[in-house]
Each structure stands twice: as C-alpha cells, then as structure tokens.
Amino acid sequence: MHMMAQRRTAWRHLALLLAIAPAFAMPAAAQEKTLRVAMTAADIPRTNGQPDQGFEGNRFTGIPMFDSLTQWDLSSADKPSVLIPGLATEWAVDANDKTKWIFKLRQGVKFHDGSDFKADAVVWNVEKVLKKEAPQFAPDQIGVTVSRMPTLVSAKKVDDYTVELTTKEPDSFLPINLTNLFMASPAHWQKKFDALASVADPAERAKQAWTQFAADASGTGPFKMAKFTPRERLEYAKNATYWDAKRVPKVDRVVLLPMPEASARTAALLSNQVDWIEAPAPDALDQIKSKGFVVYANAQPHVWPWQFSFAEGSPWLDKRVRHAANLCVNRDELKQLLGGLMEVPKGTVPPGHPWWGNPSFDIKYDLASAKKLMSEAGFSASKPLKVKILTSASGSGQMQPIPMNEFMQQALKECYFDVELDVIEWNALFTNWREGAKDPKSRGAHATNVSFAAMDPFFAMVRFVSTKTFPPVSNNWGYFGNAEIDQLVADARTSFDGAARDAALAKLHARIVEEAPFLWIAHDVGPRAMSPKVKGVVQPKSWFIDIALMSME
C-alpha cells in the first residue's frame with residue numbers, strides 16, 4: 001500500500017470513528033463503570049485462546065480473558081517483570097532427565113462456563129496445537145503458539161493437579177515460553193463440537209467448533225466475554241469470582257476497539273469517545289497533556305529493528321554494509337521526532353544488563369565510519385545500494401512505523417543506501433515473519449521491520465539466530481546462523497543455573513551485536529494516553545499491562 005493510500009485510510013478510519021461514536025460512547029448500563037480502549041490493531045485479536053495481532057493480542061484478548069501456567073508479574077512500574085505462578089503453582093525440571101518437567105496446578109479454578117480447570121485441560125490445550133490426531137487440533141493456532149515454544153512435544157496427566165511436560169531437548173527456557181499458551185475451556189469447546197454432528201469431516205467440524213468458541217469464548221481470566229462484533233468491538237464483563245483476589249476487576253466492563261491510525265485514536269481520546277489509546281500520535285502529545293490526559297511510558301524490553309535477510313543475493317551478506325547501516329542513524333534525532341518516547345539502543349539488551357556481554361562493535365551515530373565502510377564495500381552517492389524493507393502502517397509494538405521508516409529512508413541516504421519501503425497490513429507482516437525472507441509473500445524484501453519482545457532469552461535472541469529456528473519453525477526470517485552461534489545457544493539453553501545461563505547469554509548477545517543481523521533502531525517505552533478518570537494504572541517494564549488493576553472514577 002502506498003503512503004497516500006495509507007493517509008486516505010487514516011481519514012476513513014476517523015470518519016468511521018465519528019460516525020459510530022454514539023455506539024460506544026455510552027456504557028451498556030448507566031451505573032456500570034466502563035473502560036473503553038482504542039488498540040493499534042486493525043482487527044480484534046483472535047478470541048479462541050491463542051491471539052494473533054502480535055503481543056497486542058496477548059495484551060488485550062489473551063491475558064484479560066485467559067490464563068497461562070506461568071505468567072508475568074505486571075504489578076510494578078519500577079522493576080523488570082519477572083515470571084510468577086499462574087495456573088501452575090510450582091514447577092521443576094526432572095533431576096535425571098532434563099527433557100521432563102513437572103507442573104503442580106492451582107486447585108479450585110473454574111472456567112467461565114463453570115467447568116473445572118484440572119490436568120486434563122492442560123493436556124487438551126497442549127494437544128490443540130501439537131497433536132494432529134486430536135479432535136480439537138487447531139492448525140490456525142499453531143503459528144502464534146508453537147513458534148514461541150518450539151521444543152515442547154507433549155503433555156501427560158500425572159494426577160488431577162499434576163502434569164508432566166516433555167521437550168525434545170533440554171530447554172531451561174520452557175517455563176518462560178509457557179506464558180504464551182493460554183488455557184481455553186475443553187468442556188465449552190466440546191459442547192460446540194457436539195452440536196455440529198451434521199458436519200461429517202472431523203477437521204471441518206473442529207474448525208467450525210473453534211469459530212463458534214471464538215464468538216462465545218471461555219477461559220479462566222479476570223474478564224469474561226460479554227459481546228463480540230468481529231472487526232468492530234469486543235466487550236468484557238468482570239469475572240467477580242476470579243481465583244486471584246488481587247486481580248478481581250475493579251471496572252464492570254471493558255470495550256476494545258481496533259483503531260490502527262494514530263490520528264484517529266488521538267481524535268477519539270481528545271473527544272472523550274475512548275478512555276485509553278495505545279501509541280498516541282507524537283505531534284499531539286502536548287495537546288493531549290494540555291487537555292488533562294495522562295501519558296504513561298516506561299522503558300521496556302522491546303526492540304524496533306530492521307531484521308536483515310541472509311538469503312542468496314541479499315545486500316546484507318556483507319558485514320561492512322550491516323555495520324555501516326547501524327552507524328548511519330542519528331537515533332537521538334529520531335527520539336526527538338517521537339517526542340522523547342523511545343530509548344536509544346546499543347544492542348538487543350542495554351549495557352549493564354546480565355546478558356550484555358560487552359560486544360566489540362559499538363552501535364552509535366558515526367557518519368564518517370559508516371561512509372568509509374560503504375565505500376570499501378563498493379558504494380557511493382553515484383552508485384547507491386538499493387534495499388527494500390517490509391513494514392506496516394500500525395500494529396502491536398510497531399510504534400509509529402511510517403514516520404519512523406521515512407526517517408530511516410532519509411538517514412540512510414547519507415550513507416549511499418537507496419531505501420524502498422513496502423507497506424503491508426500488520427497481520428500479513430507478522431505472519432510473514434515466520435514464512436521467511438525466501439517466501440514469495442516477502443515480495444523480494446531484504447529486511448523486515450517487525451518489533452519484538454526481549455524479555456526472555458528465546459524471544460530476545462534465540463529465535464532470530466539459531467539454525468533450528470529457520471522458517472517456518474520460528475522467527476529467523478532472514479536465515480541467519482552458523483555453528484558458533486548454535487553452540488552458544490545450546491550452552492545457554494542447557495544451563496539450568498541462573499548465573500551460568502546469564503554468562504552464556506552474555507556471550508551470545510555480544511556475538512549477535514558483533515555480527516549485526518539487525519539494524520537496531522529503537523527500544524519502545526510503550527506510550528499510552530488515558531483519561532484522568534482511569535485510576536490504578538501500573539505501566540510495567542513490559543509489553544503487557546494488567547487491566548484488572550485499573551478502576552474508573
């Protein structure tokens with residue numbers, strides 16, 4: 001989609017917003033306390049238990065409506081989010097067989113449909129994405145699940161409140177990865193499936209059952225689905241009997257609205273049609289604050305990069321070119337453009353982080369060195385290097401992708417790069433992240449601009465650099481990797497002692513920065529703007545945020 005078309009789309013979204021404003025301006029009942037949220041996604045993330053739309057899906061249809069065995073602590077704005085018990089109360093790897101894990105389950109938890117959460121439900125939810133013979137097998141849920149936990153192979157019930165999970169190789173990252181496997185109600189799904197007895201083909205019957213489940217979902221989370229209009233809105237009601245007393249919601253209702261254009265979101269907030277917007281337009285920040293709205297931001301483990309292709313013929317195969325691109329960008333200037341709402345990166349994690357590792361390549365703004373490297377590689381102002389970049393106009397964690405990429409286009413021109421931007425729909429971009437640079441849907445691009453979470457070893461590093469995570473296994477879109485990196489990954493993955501694992505990850509991070517499979521451009525701070533009526537907001541150092549903690553005046 002061309003830039004002009006993107007801007008026309010923005011005005012269409014704004015016009016639609018103003019037309020439908022009365023439909024969501026009023027709460028369902030006058031006495032209810034309703035929180036209205038404008039997301040950056042162009043559609044409601046999937047509601048079947050495994051959200052799409054990147055981590056915005058986890059934020060808005062995963063964590064509120066469902067729970068996972070392990071989850072992130074989102075209760076503090078001051079310290080990094082850490083892994084805490086969720087539907088599992090404790091877990092441990094088998095001392096004699098590091099491919100086996102025992103998880104003890106929380107007792108007394110019920111799904112929204114009233115059925116019990118027990119070990120059978122965990123096995124069922126693992127098999128929905130791993131076991132093709134399972135009646136509930138859901139091929140469309142694999143991409144957003146299996147690529148995030150690629151070593152998990154099976155689950156087995158030990159007793160009603162104990163399960164054994166098996167990985168294909170020792171993997172100390174598994175408990176972290178399980179934050180992405182949300183527990184849907186097997187009993188609720190089964191009712192949908194049983195009612196479709198007239199559908200002869202089992203796979204088609206399962207698919208239709210999942211479609212019906214998505215329209216009438218049942219998890220164990222602090223919010224229950226109340227009303228769902230595809231592509232328009234999703235409404236939650238509070239789950240007053242939620243198992244965690246600290247997270248029983250303080251609002252009665254939540255309304256989620258897809259609004260991919262920053263200008264439309266900002267207009268909706270300023271006209272009091274919503275109470276909360278993700279990623280406000282940077283040029284409207286002063287106006288937003290002057291009207292009494294509150295802007296929340298916090299440094300978070302989030303990378304906004306270009307991820308390079310290492311496929312045959314890619315211009316990024318030359319390390320001099322990769323280093324030159326990283327040295328050619330004045331990130332302080334970009335930060336100014338974004339109203340200060342970004343952090344300047346030195347790698348995937350910052351100096352001082354346990355995984356930093358002190359790489360020998362220093363990511364900074366050094367125009368002279370960048371030009372020298374490009375000259376050595378055979379390029380000049382009269383002979384620029386043509387590169388094509390895939391990006392989106394919106395999406396989870398994508399910050400302000402069009403103005404940011406236009407800034408990059410101009411910045412890199414100084415260093416003899418001729419950058420072509422190819423703007424596609426966010427979910428298509430996100431899906432292509434797992435299809436890879438060699439796939440026709442990459443449209444001949446030499447890099448992809450998908451922002452990513454850096455809160456755990458697999459998400460931050462392993463999935464982008466291991467030869468075991470080439471597409472379609474996970475997100476090594478560019479097919480980067482070698483034996484040395486693979487060994488460093490193995491060293492980290494098989495370290496079950498925290499200090500030893502950090503040391504192994506520091507070596508891995510240093511080598512990644514030195515090899516530069518990315519152009520590191522920004523770390524996000526997760527800006528969102530809210531009405532002053534919204535209280536109890538904790539903006540954690542995380543991609544996620546806990547709606548259950550919030551109240552409305």
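Remember, predicted model here, so these are calculated numbers, not experimental data.

1. What to know about the side chain of K388
At step 1: When you line up the elements, K388 lands in strand β14 (residues 385-391).
At step 2: A distance of 3.5 Å separates polar atoms of two side chains, one belonging to K388 and the other to D422.
At step 3: One polar contact links the side chain of K388 to the main-chain carbonyl oxygen of R443, over a distance of 2.6 Å.
At step 4: The contacts of K388, once residues within four sequence positions are left out, are E420, D422, R443, G444, A445, H446 and A447.

2. Here we look at the pattern of salt bridges
One side chain can pair with another of opposite charge once the charged atoms of both are near each other.
At step 1: Applying the stated criterion across every chain yields a total of 33 salt bridges.
At step 2: For E127, the salt bridge is made with K131, and the minimal N-O distance between the two is 4.0 Å.
At step 3: Classification of E127 by relative accessible area gives partly exposed; the value is 21%.
At step 4: Here K468 ties to E169 by a salt bridge, and the two come within 3.4 Å at their closest N and O atoms. Of this pair, K468 sits in the loop between α14 (457-465) and α15 (483-493) while E169 sits in the loop between β7 (162-167) and α4 (174-177), and the two are 299 residues apart along the sequence.
At step 5: Its relative accessible area of 55% is what places K468 among the exposed residues.
At step 6: Through salt bridges with shared partners, a single network forms among K319, R322, E484, R511, E514 and E515.

3. Side note on the pairing of strand β15 (residues 417-423)
Successive residues of a regular strand alternate their side chains across the two faces of the sheet.
At step 1: With five of seven residues buried, β15 is to be regarded as a mostly interior element.
At step 2: The pairing of β14 with β15 spans seven bridges and is parallel. Among the inter-strand pairings, K386 is bridged to a residue of β15, identified as D418.
At step 3: The handedness of the β14 to β15 crossover, carried by helix α12 (residues 401-413), is right-handed.

4. Section: the sheet that holds strand β9 (residues 233-238)
At step 1: One open sheet holds the seven strands; their spatial order is β8-β9-β10-β1-β11-β19-β12, and the pairing between them is mixed. Because the sheet does not close on itself, it has two edges, and the strands there are β8 (223-229) and β12 (294-296). With direction set aside, neighbouring strand axes in the sheet form an average angle of 20°.
At step 2: As defined by bridge partners, β12 adjoins strand β19 (residues 528-530) across three bridges and the pair is classed as antiparallel. Paired with Y296 across the two strands is R528, which belongs to β19.
At step 3: Of the strands in this sheet, β1 (34-39), β9, β10 (253-258), β11 (276-278) and β19 are in contact with helix α2 (residues 54-62), which crosses β11 at around 160°.

5. As for helix α9 (residues 319-327)
At step 1: Extensive coverage of α9 is indicated by the burial of seven of its nine residues.
At step 2: Within α9, burial applies to V321, R322, H323, A324, A325, N326 and L327.

6. With respect to the pairing of β9
At step 1: In this structure, β8 lies alongside β9, joined through six bridges in antiparallel fashion. Across the sheet, M225 pairs through a bridge with Y236, a residue of β9.
At step 2: The turn joining β8 and β9, which pair antiparallel and follow one another in sequence, is formed by three residues; a positive phi near 70° is taken by R231.
At step 3: Direction of pairing for β9 relative to β10: antiparallel, over a ladder of four bridges. What sits directly across from E235, in β10, is V255.

7. What to know about the environment of S466
At step 1: Mapped onto the elements, S466 comes out in the loop between α14 and α15.
At step 2: There is a polar contact of 3.0 Å between the side chain of S466 and the backbone nitrogen of K468.

8. A word on the packing of α9 against helix α11 (residues 367-376)
At step 1: Two elements in contact, α9 and α11, have axes whose closest approach is 8 Å; the angle formed by their N-to-C orientations is 155°. Relative to α11, the element α9 is oriented roughly antiparallel. Two packed elements cross with a definite hand, and for α9 against α11 that hand is left-handed. Residues R320, V321, H323, A324 and L327 of α9 pack against L367, S369, A370, L373, M374 and E376 of α11.

9. Here we look at the sheet that holds β7
At step 1: Taken in spatial order, the four strands line up as β4-β5-β7-β6 in an open sheet, and their pairing is antiparallel. Only two strands of the sheet have a single partner each, and these edge strands are β4 (88-93) and β6 (152-159). When the angles between neighbouring strand axes are averaged without regard to direction, this sheet yields 20°.
At step 2: As paired elements, β4 and strand β5 (residues 100-105) share five bridges and run antiparallel to each other. Bridge assignment links V93 to a residue of β5, and that residue is W101.

10. Digging into the packing of aromatic side chains
At step 1: In the structure shown here, the tally under the stated rule is 27 aromatic pairs.
At step 2: Each ring, one from F55 and one from F459, has its centre 5.4 Å from the other, and the planes form 20°; the classification is stacked. On the criterion of sequence distance, the pair formed by F55 in helix α2 and F459 in helix α14 is long-range, its members being 404 residues apart.
At step 3: When its relative accessible area of 4% is taken as the criterion, F55 is described as buried.

11. Some thoughts on the packing of α14 against α15
At step 1: Across the interface, α14 lies against α15 with an axial gap of 10 Å and an inter-helix angle of 145°. In the crossing of α14 with α15, the sense of the turn from one axis to the other is left-handed. Between α14, through F458, V462 and V465, and α15, the contact on the second element is made entirely by I485, D486, V489 and R493.

12. Some points on the layout of surface pockets
At step 1: By volume, the largest pocket amounts to about 810 Å³.
At step 2: Surrounding the largest pocket, 35 residues form its lining, P80, P301, H353, A454 and M455 being those nearest its centre.
At step 3: Contributing elements (two or more residues each) for the lining of the largest pocket: β13 (302-308) and α16 (498-515).
At step 4: Top contributing element to the lining of the largest pocket by residue count: α16, with three residues.

Reading the values: the criteria
Residues numbered from 1 in each chain as written. Predicted model: local features only at pLDDT ≥ 70, side-chain atom pairs only at ≥ 80, totals over all residues. Heavy atoms only, no water. Helix = DSSP H or I, 4+ residues; strand = E, 2+ residues; numbered from the N terminus. Polar contact = N/O pair within 3.5 Å; in protein donor to acceptor, adjacent residues only side chain to side chain. Contact = heavy atoms within 4.5 Å. Salt bridge = Lys/Arg side-chain N within 4 Å of Asp/Glu carboxyl O. Buried < 20%, exposed > 50% of the residue type's maximum accessible area, 1.4 Å probe, protein only. Pairing = 2+ DSSP bridges. Right-handed = clockwise from strand over helix to strand, strands pointing away. Axes fitted to C-alpha atoms, helices over the stretch in contact; angles between N-to-C directions. Parallel < 35°, antiparallel > 145°, perpendicular 65-115°, else oblique. Left-handed = near helix turned anticlockwise from the far one by under 90°. Phe/Tyr/Trp six-rings, centres within 6.5 Å; stacked < 30°, edge-to-face > 60°. 1 Å grid on protein atoms, 1.4 Å probe; cavity = no way out; pocket = protein on both sides within 12 Å on 5 of 7 lines; lining within 4 Å. Points joined across faces, edges and corners; volume = space filled by probe spheres on them.

In short, the description is geometric, and any link to function would need to be established separately.
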